[in-house]
Amino acid sequence: MKPMKRTIYILAVFIFLFNCSKDDDTKDQLVPTAESFSPSSAYVDDIITITGTYLNLDGAYNIKFNDLTSTIVEQTETTVKVRVPENATSGNFTFNYENNTQIALGNFLLLERPQIESISSFYARIGDTIIFTGNNFNIDDTYQITFNGNPASNIEITDTTITVEVPDNAETGILNVAINEIEYYSQQFSRIESKLFAIKGEVPNQSLVELNLLDGTEVGTIVDFSNFGFDIILGDSVFNSSTNEIFIMSDPGMLNDYLPRLIKVNVDTNNYSVIQANNDFGNNDFGDRIAVSNDGRLFIWNSQLSATPEDGYLIREIDPNTLNFLNGVDPYGPNAGFDQYKTITTVYISNTDNTIYYERTEEIYLGTTTMTIETYVRAGNLYVKNLADFSEISSSCFPSSITDIAGNTFDYCSSKLDLYEALIGTVNYGYIYYLKTSSGDSDKILKVDSNLNSEPEIYVDGNLKCIVYGEEINELLTIKNEAGSNYLLKKNITTNIESQVLISGDYSELIIKN
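Definitions and limits used
Residues numbered from 1 in each chain as written. Predicted model: local features only at pLDDT ≥ 70, side-chain atom pairs only at ≥ 80, totals over all residues. Heavy atoms only, no water. Phe/Tyr/Trp six-rings, centres within 6.5 Å; stacked < 30°, edge-to-face > 60°. Helix = DSSP H or I, 4+ residues; strand = E, 2+ residues; numbered from the N terminus. Buried < 20%, exposed > 50% of the residue type's maximum accessible area, 1.4 Å probe, protein only. Lys NZ or Arg CZ within 6 Å of the ring centre and 35° of its normal. Pairing = 2+ DSSP bridges. Axes fitted to C-alpha atoms, helices over the stretch in contact; angles between N-to-C directions. Core = buried A, V, L, I, M, F, W, Y, C linked by side-chain atoms within 4.5 Å. Contact = heavy atoms within 4.5 Å. pLDDT = per-residue confidence, 0-100.

**What to know about the packing of aromatic side chains**
Here is step 1: Counting across every chain of the model gives seven aromatic pairs.
Here is step 2: On the basis of an interplanar angle of 55° and a centroid distance of 4.9 Å, the ring pair of Tyr61 and Tyr97 is categorised as tilted. Here Tyr97 lies in strand β8 (residues 91–97) and Tyr61 lies in strand β4 (residues 61–65), a separation of 36 residues in the sequence.
Here is step 3: Ring centres of Phe65 and Phe108 lie 4.9 Å apart, and the angle between their planes is 75°; on these two criteria the pair is classed as edge-to-face. Here Phe65 is found in strand β4, whereas its partner Phe108 is found in strand β9 (residues 103–110), with 43 residues between them in sequence.
Here is step 4: You can call Phe65 buried: its relative accessible area is 1%.
Here is step 5: The class for Phe108 is buried, based on a relative accessible area of 0%.
Here is step 6: Through a chain of ring-to-ring contacts, three or more aromatic side chains come together here, namely Phe37, Phe65, Phe93 and Phe108.
Here is step 7: Against the face of Tyr459 rests Lys491, its NZ or CZ located 4.0 Å from the ring centre.

Encoded structure:
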C-alpha cells in the first residue's frame, strides 16, 4: 500500500506544477487593450479615464497627449486614469504598452481655463443683474455662484460673460464664483437698499423717474407731472429718510399766483401730495432750495438775488406739512467796506454730527470813483453751524488778495473757490464735495477739507450737473455730458475709482434714497 500512496502523491504534484506552468504561459500571452477614453476635452490637471481590458498588468505604459507623456494616477483591470500634463495641447491621444503597436484612441481637445477679469458692480439690490467679464466661459461647465453662501439660480453664460441675478436671499458678504467646483472669484459684495431717482424732461412734460443704480437705465415713472392740470417748474429736490418721501420744491415764479408748492412723493407707494404756501409769502422771500436733516427737519433758502435780501437770504426751517416758517439760521448782515449782495447757493446737512454746512456767495462791487468800468468778483464763504441752536462752529473764505481794476488790493475771499450754484455733497471721511458751475468753464466737483483749513482741489472734471452722495455705496454720483451724450458718472470717495454708463434720458436732478 505504501508504494501505491507514494505514486499517487507524486502524480498530484506533477499535475499541479503542469497547470501552474500553463497559467503562467497564458498570462504571458495577455496584452492590455485600450478601447476608449473620456472626457474628450478637458483642462490641464483634469483626469482622463481610459477604458479597456487587462489594464492592470505589470509593464511599461506610455500614454501621450500628442508627444507629451502623461502620468498615471490610478489603474484597475478595466481602467487607467491619467492627468492632463502642463503644456499639453489639443491633438492625438495615444496608448502604448511595452513598446508594442501604438493605439490611437482619438482626438483630444485641450480647454483653456476660464478667466474672470472684471465685475460690473461690487454692490446691488435684490433682483439686480451682476455681470462678470472674462474669457473661456463654457456653457457646458457647471457654475455655482453664491452671495455670502446663498446660491443664485438665474445664471446666463456666453463666451465672455457670466450674468447672474441677485437672489432674494442674497446677503452682504463674500461673492464667490466656482466653475466645475474650482473657485475663480471671491470678493466682498454689498447688498444695498439704496434707490436712485431723477427729474426728467422739461415743462410741461416733466416727470419723476427711478433709475437703475448700476447701469442708469430707467426702472419706471414714479409721477408724471404733466397730469397736474397746470404747468409746474420742478426745482430743488431731496430725500426725506424719516418719511421715505422725496420732497420737490416748485419754482413759484412760474405760477400765476406766485405761491411756492412742495410736492411730497412716497417712493414705496408712488402716492404724492402737493402742499401750497399761504398768501403771506411770494416768490422772492420764500426760497427755492431745500435740505432735510436725518430726523426730517426741512430747511429752505433763496439762491437768487432778491429785492428783499433780509428775508430772501435766510436759511429757515419750515413745517413740511404747512410750509410755515419755524426758525432762521443765517441772518443777513452787510460786510463793511463793500457794496455787496449775498446769495446762499448751497446747503448740506451732516447727519453724522447734526451740523449744517452752507456756502454764501458775496458778489463784491469793485468799482472806483476814478473809473467808470465796474467789476464783480464772486467769492465763496463756507460756514458750519450747529442745528440745535444755530451757533457757528467754524467759517472760512480762504483769504487771499483781490485787486480791482484800479490796482487797489483787498484782503478778501479768494475767487478760486467760486462756488456759485454749487451743491455740497458729503462731509464723510473728512472732506466736503462741491459741484462748481461757471460760465465759460467746464463744471467740476471740488473737494475740500471739512475743517475748512485748506483750499479746494478738483476731484471730478467735465461738463457736470447735479451731485448726490450714496452712503451705502460710498460714491458720488453726477450727470456728465460728453460729446452730446449724457452719462451717469460714479466715483468712490475712498478708492477714487471712477466709472460711467451711458444714459438715454434728459435729467436735471438726481435724488438718492440712502
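**A word on the sheet that holds strand β24 (residues 261–266)**
Here is step 1: Here four strands make up an open sheet; going across it, the order is β22-β23-β24-β25 and the pairing antiparallel. In this open sheet, the two edge strands, each paired with only one partner strand, are β22 (234–240) and β25 (272–276). The sheet shows a mean angle of 20° between the axes of neighbouring strands, direction not considered.
Here is step 2: Two strands pair when backbone bridges link them, and strand β23 (residues 245–250) and β24 are joined in this way by five bridges, in the antiparallel orientation. What sits directly across from Phe247, in β24, is Lys264.

**Re the environment of Asp443**
Here is step 1: Along the chain, the position of Asp443 falls in the loop between β36 (431–436) and β37 (444–449).
Here is step 2: When its relative accessible area of 11% is taken as the criterion, Asp443 is described as buried.
Here is step 3: Between the C-alpha atom of Asp443 and that of Asn463, which follows or precedes it by 20 residues, the distance is 5.0 Å.

**Brief notes about the pairing of strand β42 (residues 498–503)**
Here is step 1: Across six bridges, the pairing between strand β41 (residues 485–492) and β42 is antiparallel. What sits directly across from Lys491, in β42, is Glu498.
Here is step 2: The hairpin formed by β41 and β42 contains five residues between the paired strands, and Asn496 there has a positive phi angle of roughly 65°.

**Observations concerning the nonpolar core**
Here is step 1: Ile130, Phe132, Phe147, Ile162, Leu477 and Leu510 are the most contacted members of the largest nonpolar core, which totals 38 residues.
Here is step 2: When residues no more than four places from it in sequence are discounted, the contact partners of Ile130 are Ile119, Ser120, Ser121, Tyr123, Ala124, Ile162, Thr163, Val164, Val166, Phe189 and Leu214.

**Digging into unusual backbone geometry**
Both trends apply: most residues other than glycine have a negative phi, and most peptide bonds are in trans.
Here is step 1: In this structure, Pro39 follows Ser38 across a cis peptide bond, with omega equal to -10°.
Here is step 2: Relative to the helices and strands, Pro39 is located in the loop between β1 (33–38) and β2 (41–42).
Here is step 3: Backbone geometry at Tyr54 places phi at a positive 50°, although glycine is not the residue there.
Here is step 4: With respect to the element layout, Tyr54 can be found in the loop between β3 (47–53) and β4.

**As for the confidence of the model for the protein chain**
For residues with low pLDDT, the predicted coordinates do not support detailed interpretation.
Here is step 1: When pLDDT is averaged along the protein chain, the result is 76; 65% of the residues meet or exceed 70.
Here is step 2: Segment residues 305–312: pLDDT under 50, and 16 contacts once partners within four positions in sequence are set aside and those in other chains are kept.
Here is step 3: Here residues 398–425 scores under 50 on pLDDT; set against residues more than four positions off or in separate chains, the count is 104 contacts.

**Thoughts on the pairing of strand β26 (residues 289–292)**
Taken residue by residue, a regular strand's side chains alternate between the two faces of the sheet.
Here is step 1: Burial along β26 is two-sided: the residues Arg289 and Ala291 and Ile290 and Val292 are all buried.
Here is step 2: Of the pairings in the sheet, the one linking β26 to strand β27 (residues 298–301) comprises four bridges and is antiparallel in character. Paired with Ile290 across the strands is Ile300, a residue of β27.
Here is step 3: The turn joining β26 and β27, which pair antiparallel and follow one another in sequence, is formed by five residues; a positive phi near 90° is taken by Gly296.

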